[in-house]
Amino acid sequence: MRLILCLDDRNGMMFNHRRQSRDRAVIADILTSVGQGTVFTTAYSVPLFEALGASPICSEELPENGTKEDVYFLEDRSPAPYLERFDSVTVYRWNRHYPADLTFDADLEACGFHLTQCTELVGVSHEKITKECFEK
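Residues numbered from 1 in each chain as written. Predicted model: local features only at pLDDT ≥ 70, side-chain atom pairs only at ≥ 80, totals over all residues. Heavy atoms only, no water.

Caption draft 1: Fine view of the sheet that holds strand β3 (residues 18–19). Within the open sheet, the three strands sit side by side as β3-β2-β8. Their pairing is antiparallel. Taken across any chain shown, the strands that pair with only one partner, and hence form the sheet edges, are β3 and β8 (102–103). (Pairing = 2+ DSSP bridges. Helix = DSSP H or I, 4+ residues; strand = E, 2+ residues; numbered from the N terminus.)

Caption draft 2: Highlighting the side chain of Glu 132. Relative to the helices and strands, Glu 132 resides in strand β10 (residues 129–135). Given a relative accessible area of 14%, Glu 132 falls into the buried group. A polar atom in the side chain of Glu 132 sits 3.1 Å from the side chain of Arg 93. If we ignore the near neighbours within four places in the chain, the residues touching Glu 132 are Val 89, Thr 90, Val 91, Arg 93, Leu 115, Gln 117 and Cys 118. (Buried < 20%, exposed > 50% of the residue type's maximum accessible area, 1.4 Å probe, protein only. Polar contact = N/O pair within 3.5 Å; in protein donor to acceptor, adjacent residues only side chain to side chain. Contact = heavy atoms within 4.5 Å.)

Caption draft 3: Geometry of the layout of surface pockets. Considering only enclosed or pocket space, the largest pocket measures out at about 180 Å³ in volume. Lining the largest pocket we find Arg 22, Asp 23, Arg 24, Ile 27, Pro 47, Leu 48, Ala 51, Leu 52, Val 124 and Ser 125. Put simply, the parts of the chain that give the lining of the largest pocket at least two residues each are α1 (24–34) and α2 (46–50). When its residues are assigned to classes, the lining of the largest pocket shows six nonpolar, one polar and three charged. (1 Å grid on protein atoms, 1.4 Å probe; cavity = no way out; pocket = protein on both sides within 12 Å on 5 of 7 lines; lining within 4 Å. Points joined across faces, edges and corners; volume = space filled by probe spheres on them. Nonpolar A, V, L, I, M, F, W, Y, C, P; charged D, E, K, R; others polar.)

Caption draft 4: The arrangement of the pattern of salt bridges in detail. Counting across every chain of the model gives seven salt bridges. With a shortest N-O distance of 3.7 Å, Lys 128 and Glu 120 are connected by a salt bridge. The class of Lys 128 is partly exposed, set by a relative accessible area of 36%. (Salt bridge = Lys/Arg side-chain N within 4 Å of Asp/Glu carboxyl O.)

Caption draft 5: Main features of the packing of aromatic side chains. Within the structure shown, the criterion is met by one aromatic pair. Consider the rings of Phe 49 and Phe 73, whose centres lie 5.4 Å apart with planes at 80°: the pair is edge-to-face. With Phe 49 in helix α2 and Phe 73 in strand β6 (residues 71–73), this residue pair connects regions lying 24 residues apart in the sequence. For the pair formed by Phe 49 and Phe 73, the shared burial category is buried. (Phe/Tyr/Trp six-rings, centres within 6.5 Å; stacked < 30°, edge-to-face > 60°.)

Below, the structure is given as structure tokens:
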């Protein structure tokens, strides 16, 4: 299963129980990359996908039976306790410093992941969004 996160330059995820930012181009890119897989996400994030006509599966916990094609988009809690269960991690970086009270607190390299690809997207609300792909 693949994990997908959106982080600022200081690994911030949320501030005051809200996402720091969002961009339709990120959700569209996720939907393109999932192919035949399934998107799983928490109830908090479901509306992001529904706004683009997708129907993700709402799952507050990491599914036990996810495949390598499936993705788990997470923005409202730390994925650190589950990292060993993922085959890859994709990070969309906002390239900004936002206030944060929830941060991604794991070192991907120390968890056995290595950067395999780094590309840039032109977003709707962000001029540049960096997409980093990590594999085990």
